[in-house]
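# Understanding the architecture of this molecule
The lines below spell out each chain.
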Amino acid sequence: LVQALKFKCDMNEHNYMTIVDLILQDAGENVSEEIADDQVRAQYNTAACDAVRPHLFDIIEFISDLHVLTKVKKITNLDNIGGDIKSSLSQVVAVEMSRSSLRDSRTVSRFLPWLMSPPSVTQSTPSAFAEAVTNVRLLSWLLLGALQAVQPCLPVPISCSQYMADYIHFVLAGFADQSKQSVVHMSALFHAFHLCQLWTVYCEQAAMTANELQQSSFANILDFWARVTPAILQLLSHSKVLADMVNLHFLNTMQALQQCNSAVLCQLSAMWQPILTAYHAQIPSQLRMKLDSCENQPSLHSQPLQQWLKRVRYKISQIELQTSAASPFYNV
C-alpha cells in the first residue's frame, strides 16, 4: 500500500480501499460489508494497524500532497476514489494519533511539529503562504478523518484551538496579496473556511463524547471565532469584489454549521453581523433570510454527520483536483 501511495508500484483500484479497510477494521472502525462479513478476517486479528504504524509519516505526506488525487485519477480513471482513499487514510492517522496521545502528550508535536509554531503575519511570503495552505488542507483532512471515526477520536487536542485560529488568520491576512501570485493560492479561502467548519464541528462532537470536555470545547470554539472574525473583517476591507467572495464562503460556513445543528451558531451571529453588512447599510434581504434560519438553534444533541462529511469530502477533493490541474508546476 505504501509503495502504491508513493506511486512506485501499480495497484488495482479496488485493493487500495480493501487494504485501508483492513487497517480500519483492525483499529475497531466500521468498514465495508465485504470486509466486515468475511468470517476469516472477523475471527483473526490482522495486525494491520501494527504493520502500518511505522509508515504514518508517509501517509501524512500523501494526504498533504495537492497532486496525488490527480495522479490517482489518471491511474484508475475514477473521479472519487482518490478522495475516498485520502479520507480513509486520514481516519487511520486520526485514530492512531488519538490513541497515541492518550499515552504520550507529545503526539501532536511528533506528527504535526509545525502546528504549535504558526507563521507570523508580518513574515508572509509566497512560500510561507503556500506552506500554510498545505497545512490547513492537511488539518482539514485529519479532522474529517476523526469525525468519520465511530470511536471517540481526538488526534488534535481541543487546547490547540488558538493555533488553528492563528493558521487561518495567517491565510486570511495574506490572501488578498498572495492569491495573485499563483492559481494554487486562489483555493486558500475555500480551505480556510472549511477548516473553520470542521474545527467547530470537531469541538462540538468532542463536547458530546466527553463530559469533561464540554465546557472547554465551547469556550475554545468561541475563542477560536473571536480570533478568526477580525481577520475576516480585515479581508472584507480590501474591495467589494473580495468582500462578495468572502461572504459567499462565510454563508456556506453558516449553512454548514446549521446542517450540523451547531449549538454555538446563535451565540456567534451577533459577532458575525458586521461581516454580512460589509458594503451594505444593512444585511441584504437574501442574506437576512439565510441568517434568520440560523438563529435560535436548539440545544446540541447527537446528529448523524456522515452525509455532511461525505459532501465536505467531495468538495475538498474536487477543489484539490481543480487546483492541481490548474497548477503550471505539476507534471504527472
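I will try to describe carefully the structure that is included in this document. Since we're looking at a predicted model, the values are computed, not measured. (Residues numbered from 1 in each chain as written. Predicted model: local features only at pLDDT ≥ 70, side-chain atom pairs only at ≥ 80, totals over all residues. Heavy atoms only, no water.)

As a further point, take helix H2 (residues 13-26). For H2, which comprises 14 residues, the first-to-last C-alpha distance of 21 Å matches the rise-based estimate of 20 Å (1.5 Å per residue) to within 8%. Of the residues trailing H2, Gly28 is marked for its positive phi of about 90 degrees. (Helix = DSSP H or I, 4+ residues; strand = E, 2+ residues; numbered from the N terminus. Expected span 1.5 Å × (residues − 1).)

One finds Leu112, Leu172 and Trp225 to be the most contacted residues of the largest nonpolar core, which totals 108 residues. In terms of residue count, helix H13 (residues 188-209) provides more of this core than any other element does, 14 residues in total. Beyond its immediate sequence surroundings of up to four residues, Leu112 is in contact with Met97, Leu138, Leu139, Leu142 and Val156. (Core = buried A, V, L, I, M, F, W, Y, C linked by side-chain atoms within 4.5 Å. Buried < 20%, exposed > 50% of the residue type's maximum accessible area, 1.4 Å probe, protein only. Contact = heavy atoms within 4.5 Å.)

What follows covers the side chain of Thr200. Within the secondary structure, Thr200 is located in helix H13. One polar contact links the side chain of Thr200 to the main-chain carbonyl oxygen of Cys196, over a distance of 2.8 Å. Discounting chain neighbours no more than four positions away, the residues touching Thr200 are Ile221, Phe224, Trp225, Leu257, Ser262 and Val264. (Polar contact = N/O pair within 3.5 Å; in protein donor to acceptor, adjacent residues only side chain to side chain.)

Next up on the list: helix H15 (residues 240-259). If you check H15, its first and last C-alpha atoms are 28 Å apart, about what 20 residues at 1.5 Å a residue would give, namely 28 Å. Taken together, the buried positions of H15 are occupied by Leu242, Ala243, Val246, Asn247, His249, Phe250, Leu251, Thr253, Met254, Ala256 and Leu257. Just downstream of H15, Asn261 is the residue with a positive phi angle, here 55 degrees.

Let us look at unusual backbone geometry. With phi around 60 degrees, Phe7 is a residue other than glycine that occupies positive phi space. Along the chain, Phe7 falls in the loop between helix H1 (2-5) and H2. With relative accessibility at 26%, the residue Phe7 sits in the partly exposed group. Located in the positive-phi region is Asn261, a residue other than glycine, with phi close to 55 degrees. Residue Asn261 is classed as buried on the basis of its relative accessible area, which comes to 7%.

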